[in-house]
Amino acid sequence: MTTIMQTYCSHIIRFSILFMLTFACSQIVKAQRYYHPEPPRPAYHYPPPPPRPIPPPRPVPVPVPVPVPYHPYHPYHPYYYHPYVPYYWGPAWHPIGFMIATLTTTAIIVSVENQKYHYDNGVYYIQVSGGYKVVPAPVGAVVQVLPSGYTTVIVSSSSYYYYGGAYYVKSGSSYKVVAPPTGAVVNKIPDGATETTVNGQKYIVYNGTYYQPISQGGQDAYEVVVIK
């Protein structure tokens, strides 16, 4: 009787286990049949950030020129005002603009850059209607002899020869007209100059050259300066 009961119980247990497994399998199949999983959501792709704007190049600072305090050529001599007194180099000399009807027999022809001049004892003329007109000594003109009454002017150890507002230098056996050298000191300025005021100081202007009134050796004189 006991053996029969044990056998019966074992069958009951096996049947129960089988039933449970069968039921579980059927549930799994049923779940797989009716279960529809949600489709995967598409991954969200963030747009790439816009490129950073390139900043404009920084302007290169332009150096502002520092204004140079006004000052003419620094003369060798201190300013010393005295009235301008025109000077005449004798009866044969004439100021710029003077007209004569005829030239003397001592006049010679001097050519500078294809321009013909008539030269007579330190004075230069050009022929115009009605005669001859005095003009400034042309730079580059060459004469064989210096006019009577010239003075020697030393500037930076160089010798210049001054007459009638013109400056000459030795050129071989001749003499050549040059521009007024800065720093030259003369005692006489021809007729035709004018006075002008620059920064409260009066200068003498002759043929475009500025002369600063000075005193040299107790005498009135003028020094060639550059006014900028």
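Our subject is the structure that appears above.
Residues numbered from 1 in each chain as written. Predicted model: local features only at pLDDT ≥ 70, side-chain atom pairs only at ≥ 80, totals over all residues. Heavy atoms only, no water.

## Re the pairing of strand β7 (residues 151–155)
Inference 1: With five bridges joining them, β7 and strand β8 (residues 158–163) adopt antiparallel strand pairing. Residue pairing for β8: Val-153 is matched across the bridge by Tyr-160.
Inference 2: Between β7 and β8, which pair antiparallel one after the other, the connecting turn spans two residues, and Ser-156 there sits at a positive phi close to 50°. (Pairing = 2+ DSSP bridges. Helix = DSSP H or I, 4+ residues; strand = E, 2+ residues; numbered from the N terminus.)

## Examining the pairing of strand β2 (residues 108–112)
Inference 1: Of the pairings in the sheet, the one linking β2 to strand β3 (residues 115–120) comprises five bridges and is antiparallel in character. Bridge pairing links Ser-111 to Lys-116 in β3.
Inference 2: Once β2 ends, the chain turns through two residues before running back antiparallel as β3, passing Glu-113 with a positive phi of about 50°.

## Side note on the side chain of His-82
Inference 1: Within the secondary structure layout, His-82 lies in the loop between α1 (2–34) and β1 (99–100).
Inference 2: In this structure the side chain of His-82 is engaged in a polar contact, spanning 3.2 Å, whose partner is the backbone oxygen of Ile-214.
Inference 3: A distance of 2.9 Å separates a polar side-chain atom of His-82 from the backbone oxygen of Ala-221.
Inference 4: Non-local contacts of His-82, meaning those with residues more than four positions away in its chain, are made with Pro-213, Ile-214, Asp-220, Ala-221 and Tyr-222. (Polar contact = N/O pair within 3.5 Å; in protein donor to acceptor, adjacent residues only side chain to side chain. Contact = heavy atoms within 4.5 Å.)

## Points about the sheet that holds strand β12 (residues 194–198)
Inference 1: With antiparallel pairing, five strands are arranged side by side in an open sheet as β11-β15-β14-β13-β12. If you trace the sheet from one side to the other, it starts and ends with β11 (185–186) and β12, each paired once.
Inference 2: Bridge count for strand β14 (residues 209–216) against strand β15 (residues 219–225) is seven bridges, and the pairing is antiparallel. Following the sheet pairing, Ser-215 is matched in β15 by Asp-220.

## Details of the packing of aromatic side chains
Inference 1: According to the stated counting rule, one finds 10 aromatic pairs in the structure shown.
Inference 2: Between Tyr-162 and Tyr-167, the aromatic rings sit 4.8 Å apart at their centres with planes inclined by 45°, giving tilted as the arrangement. Tyr-167 carries the same exposure label as Tyr-162, and that label is buried.
Inference 3: An aromatic cluster is present here, built from Tyr-87, Tyr-88, Trp-89, Trp-93, Tyr-162, Tyr-163 and Tyr-167 joined pairwise through their rings. (Phe/Tyr/Trp six-rings, centres within 6.5 Å; stacked < 30°, edge-to-face > 60°. Buried < 20%, exposed > 50% of the residue type's maximum accessible area, 1.4 Å probe, protein only.)

## Remarks on unusual backbone geometry
Inference 1: In this structure, Asn-114 is a non-glycine residue whose phi angle is positive, near 65°.
Inference 2: Among the structural elements, Asn-114 can be located in the loop between β2 and β3.
Inference 3: Exposure remark for Asn-114: the relative accessible area of 84% places this residue in the exposed category.
Inference 4: A positive phi angle, near 50°, is found at Asn-199, a position not held by glycine.

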